[in-house]
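One-letter residues, chain by chain:
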Amino acid sequence: LESHLARLTFGCLAPCGYPFSDLELHLSKGSMASNDFASVAMQFVQHYYNTFDTNRNGLAPLYGEASMLTFEDAQFKGVQQIMQKLNSLQFQQIRHQVIKVDSQPSVNNGILVFVTGTLMVDNEANPLKFAQVFHLQPNAQGGGYYCFNDLFRLNIG
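Residues numbered from 1 in each chain as written. Predicted model: local features only at pLDDT ≥ 70, side-chain atom pairs only at ≥ 80, totals over all residues. Heavy atoms only, no water.

**Student:** Report on the overall build of the chain, specifying residues and quantitative values.
**Tutor:** Each helix and strand in the chain was counted, giving two helices and eight strands. Traced from its N-terminal end to its C-terminal end, the chain shows the element sequence β-β-α-β-β-α-β-β-β-β. Looking at the chain as a whole, 43% of its 157 residues are labelled buried. Look at the contacts in the chain between residues 6 or more apart in sequence, and 50% of them connect residues 24 or more apart. Per element, the accessible surface of the chain, about 8,700 Å² overall, is 51% carbon and sulfur. (Helix = DSSP H or I, 4+ residues; strand = E, 2+ residues; numbered from the N terminus. Buried < 20%, exposed > 50% of the residue type's maximum accessible area, 1.4 Å probe, protein only. Contact = heavy atoms within 4.5 Å. Areas by Shrake-Rupley, 256 points an atom, 1.4 Å probe, with all protein chains shown as cover.)

Following this line, the structure appears as structure tokens:
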């Protein structure tokens with residue numbers, strides 16, 4: 001049975017030079033079954049926001065050099081620019097509460113992930129609503145996924 005499973009992890013391998021993270025999931029080789037992409041998406045979301053809330057620098061392995069982040073109206077390309085933006089955010093503490101995760105398979109065995117939720121920032125009493133879209137792509141070498149596209153928007157107004 002083990003020979004029929006592919007080891008998939010979140011993180012970028014080879015082209016971006018970062019090792020895989022410790023988060024792993026076993027899926028059948030070939031195209032994903034209907035529930036597999038949803039399971040990968042949910043595990044990615046849990047890992048991403050837990051890492052964001054506790055160790056923002058730990059997000060670097062989830063991106064590659066071709067990755068792009070759109071944060072509100074600004075765009076950042078590549079691991080270095082994305083991490084500079086994420087580390088420049090002006091808060092000391094943050095806690096994401098995910099309300100809903102929707103996902104779909106995309107071309108080349110990728111996964112689209114749409115997240116809505118709330119943010120608790122520092123000592124603010126009122127949560128902020130947000131929406132975020134991730135486009136996960138399989139790593140070119142080996143198994144696993146990395147975040148090719150990341151779009152973030154606060155829902156204000």
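Picking up after the structure, the text goes on.
**Student:** Quick one: what's the story with the side chain of H135, residue by residue and with numbers?
**Tutor:** On the secondary structure map, H135 appears in strand β7 (residues 128–138). Given a relative accessible area of 16%, H135 falls into the buried group. Separated by 2.9 Å, the side chains of H135 and Q137 make a polar contact. If sequence neighbours within four positions are ignored, H135 has contacts with S106, I111, L112, Y146, C147, F148 and N149. (Polar contact = N/O pair within 3.5 Å; in protein donor to acceptor, adjacent residues only side chain to side chain.)

**Student:** Please give an account of the confidence of the model for the chain that cites residues and values.
**Tutor:** Within the chain, residue pLDDT values average 82, and 77% of them lie at 70 or more. Strand β4 (residues 74–77) holds the highest mean pLDDT among the elements of the chain, 98, whereas strand β2 (residues 24–28) holds the lowest, 38. Across residues 1–8, confidence stays below pLDDT 50; counting only partners more than four residues off in sequence or on other chains, it has 24 contacts. This model gives residues 12–31 a pLDDT under 50, and the stretch forms 66 contacts once residues within four places in sequence are excluded. (pLDDT = per-residue confidence, 0-100.)

**Student:** Summarise the sheet that holds strand β3 (residues 63–71); cite the residues concerned and give the values.
**Tutor:** Judged by pairing direction, the sheet is mixed, and its six strands sit side by side in the order β4-β3-β8-β7-β6-β5 without closing on themselves. The open sheet has two free edges, formed respectively by β4 and β5 (94–106), since each of these has just one partner strand. Strand-to-strand, the axes of this sheet are offset by a mean angle of 15°, without reference to chain direction. Across five bridges, β3 lies against strand β8 (residues 145–154) in parallel orientation. Bridged to L69 within β8 is D150. Across the face of the sheet, helix α2 (residues 78–88) comes into contact with β3 and β4 while running at roughly 40° to β3. (Pairing = 2+ DSSP bridges. Axes fitted to C-alpha atoms, helices over the stretch in contact; angles between N-to-C directions.)

**Student:** Outline the environment of R153, listing residues and values.
**Tutor:** In this structure, R153 sits in strand β8. Sequence separation between R153 and A131 is 22 residues, and the spatial gap between their C-alpha atoms is 5.4 Å. With residues near it in sequence (within four places) discarded, R153 still touches E72, D73, F130 and A131. Reaching out from R153, the side chain makes a polar contact with the backbone oxygen of E72 at a distance of 3.2 Å. Reaching out from R153, the side chain makes a polar contact with the side chain of D73 at a distance of 3.1 Å.

**Student:** Account for the environment of L112, with residues named and values stated.
**Tutor:** Within the fold, L112 resides in strand β6 (residues 110–121). In sequence terms L112 and D102 are 10 residues apart; their C-alpha atoms lie 8.2 Å from each other. Setting aside its immediate chain neighbours within four residues, L112 contacts D102, S103, Q104, S106, F134 and H135.

**Student:** With reference to specific residues and values, describe the pairing of β6.
**Tutor:** The two faces of the sheet receive side chains in turn, since in a regular strand these alternate between them. Relative to β6, β5 runs antiparallel, the two sharing 12 bridges. Residue pairing in the sheet places V98 in a bridge with G117 of β6. Direction of pairing for β6 relative to β7: antiparallel, over a ladder of nine bridges. Note on β7: the bridge partner recorded for L119 is L128. Here β6 folds back onto β7, and the loop between the two strands holds six residues, one of which, D122, carries a positive phi near 45°.

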